[in-house]
Every structure is written in structure tokens, then in C-alpha cells.
Amino acid sequence: MSESVTLTINGQKYSAEKGKTVLQVAADNGIKIPTLCHHEEIEPYGACRLCIVEITRGTRNRIVTSCLYPVEEGLVVQTDSPRVVRNRKMLLDLLLARCSENKVIKGLAAEYGIEKPSFREEYREKHDCIVCGLCVRACEQVVGVSAISLVNRGIHKEPKPPYLERAKACIGCGSCFYVCPTNAIQMEDKNGIRRIDRWKVEFKLKKCSKCGIEWAPVAQLEYIRKKWDLPAGFFDICPNCK
Ligand code: FES
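Here the structure is a predicted model, which is why all the values come from computation and not from measurement.

A. View of the overall build of the protein chain. Counting secondary structure elements, the protein chain contains six helices and eleven strands. Projected onto its principal axes, the C-alpha positions of the protein chain cover 65 × 55 × 30 Å. Here the protein chain holds 242 residues, and 42% of them are scored as buried. Carbon and sulfur atoms provide 49% of the accessible area of the protein chain, an area that totals close to 14,300 Å². Averaging the positions of the 38 positive and the 29 negative side-chain charges in the protein chain gives two centres separated by 2 Å.

B. Spatial organisation of the domain arrangement of the protein chain. Domain boundaries assigned for the protein chain yield domain 1 (4-80), domain 2 (84-123) and domain 3 (134-227). Taken over C-alpha atoms, the centre of domain 1 sits 23 Å from the centre of domain 2. Contact with domain 1, which involves 14 residues of that partner, is made by eleven residues of domain 2. A combined buried area of about 900 Å² lies between domain 1 and domain 2, and 74% of that area is made up of carbon and sulfur atoms. Among the residues domain 1 hides against domain 2, the three largest losses belong to Leu36, Leu50 and Ile52. Together they make up 48% of the total.

C. How the structure looks around the packing of aromatic side chains. Counted under the stated rule, the structure contains three aromatic pairs. Relative to Tyr178, the ring of Phe177 has its centre 5.1 Å away and its plane inclined at 70°; by these criteria the two rings are edge-to-face. Judged by its relative accessible area of 27%, Phe177 is partly exposed. Measuring from centroid to centroid gives 6.0 Å for Trp215 and Phe235, while their planes differ by 55°, and the two rings are tilted.

D. Quick look at the sheet that holds strand β3 (residues 52-57). With mixed pairing, the five strands of this open sheet are ordered in space as β2-β1-β5-β3-β4. Looking at which strands have only one partner, the edges of the open sheet turn out to be β2 (12-17) and β4 (60-65). Sheet twist, expressed as the mean angle between neighbouring strand axes with direction ignored, is 35°. Both β3 and β4 contribute to a ladder of six bridges, which runs antiparallel. Along β4, the bridge assignment pairs Ile55 with Arg62. The sheet contacts of helix α2 (residues 82-98) involve β3, β4 and β5 (76-78), and relative to β3 the element is tilted by about 150°.

Rules behind the numbers
- Residues numbered from 1 in each chain as written.
- Predicted model: local features only at pLDDT ≥ 70, side-chain atom pairs only at ≥ 80, totals over all residues.
- Heavy atoms only, no water.
- Helix = DSSP H or I, 4+ residues; strand = E, 2+ residues; numbered from the N terminus.
- Buried < 20%, exposed > 50% of the residue type's maximum accessible area, 1.4 Å probe, protein only.
- Areas by Shrake-Rupley, 256 points an atom, 1.4 Å probe, with all protein chains shown as cover.
- Lys, Arg positive; Asp, Glu negative; His and termini not counted.
- Charge placed at Lys NZ, Arg CZ, Asp CG, Glu CD.
- Domains from an automatic or database assignment.
- Contact = heavy atoms within 4.5 Å.
- Buried area = accessible area lost by both parts, 1.4 Å probe.
- Phe/Tyr/Trp six-rings, centres within 6.5 Å; stacked < 30°, edge-to-face > 60°.
- Pairing = 2+ DSSP bridges.
- Axes fitted to C-alpha atoms, helices over the stretch in contact; angles between N-to-C directions.

Here it is in C-alpha cells:
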């Protein structure tokens, strides 16, 4: 049986499984902490810092990222203390300066009363990507192909295919598109082709031999078929017709 600890979140005592993070335990108990770079199927990385909480251990108080911080016996957590809110507002102000027209960031900032960044016009940018690396981690950890990576440093850091060319290892599964928290990755299925322009890739879509629907990229299905040693023709029929 797994060991458990008792901690306090926002003044309420909870029992939690040792090894879980503060974010997981908060979510298990219906306590909402905002996140951008977190996905439950992917190793946490702590990139966006939006999930910060204030913890108290003994007489020490500090701010930590809840997606990375493991629960401990006797830990006291505040998810929305004035210090947390102040810091989160500063983070959102910075994110809004970078992504000044992104709907997700604008919505989150508005929840904290920020309608426009406090930075002067010349310091505002119109990116959609917050460089959280969730697309890169999904491609590596979930799909297992590592078709993209974070390149450059500092303000020039961004997810890119190798050598900034076409992402040759990409199988078109779209995991990057599905996990991106700010919709910075566009994917389109049209006329039998899937396109992900950000990685400069195009894939032929497989047509179901029964209903005729184009349901997944041929490259992705071939990748799965070989990985699991499935017989040729295994994906000729779409999941619905099966
Ligand atoms: S969700 Fe924890 S740092 Fe982004």
C-alpha cells in the first residue's frame, strides 16, 4: 500500500499519496491552480511558472511551482495568497507583453485584472508560442520520435525542426498541436493532406476502405503498425468501421 501524507491547502487538511505533486493533489480535491505548460501524461518541466503556490515549512515561507513540488507531511500550501497573486500577475504581464494578441493569454490575464501589458508599446510582441516546450516533450515522451526541439537561447529560444528545415522524423500525429496551450501550432486536414506548417510538413491521409473517410496520416499509421508488429492492411479500415 502506498504511503500517505497529510498537508493543508488553503486552510483545509487533506491526505495525499506520497510522491504526488501539490498540483496533482490540489486537482484531485477540486482546487484549481492555473497552468499552461502542464499535461498529466507528460513529465512536468516548470516552464511557465503560472502554477506557483506559497508553501510554509516550519517558519519558512516560499514560492514554488506546484507542478514540480512533491507533497510532504505537514506542508502548508496557499494557492491564492496575496504574494502568489502578485507574482502570478507579474508573470501574466510578461506573457502578455510577449503574446499581446493571443486569446488564451489575454483570457488568463483578464482573469487577474490585466487588460493590457504594463510594458510600453515598443516592448510588446505578437508571438503565440510561450516556449513552454510542451510540444517538444509530447513528441519525445508520448510519441517517441523527437521530431522537434527547443533551439537558441534566451529571448530567441523556440521550438523548431532540426537545422530549421522540414521535420523529417515527424509522423504527422498532431500531438504537438493537441497539447499546445496557446494554439501556437496550426494543423489542417484538407483534400487528403494533413499540413503542419510550423514544422514544414505535409502527410497523405489514409482513406478508410469501407466508409471512405480520411482518418489519419499514412506515416503515423505505418509507424504504429511497425512498432506493434501489426499485419499489413491492419489500418485499411477506420476505427469507426471496425
Ligand atoms: S504548469 Fe507548472 S510551471 Fe507551468
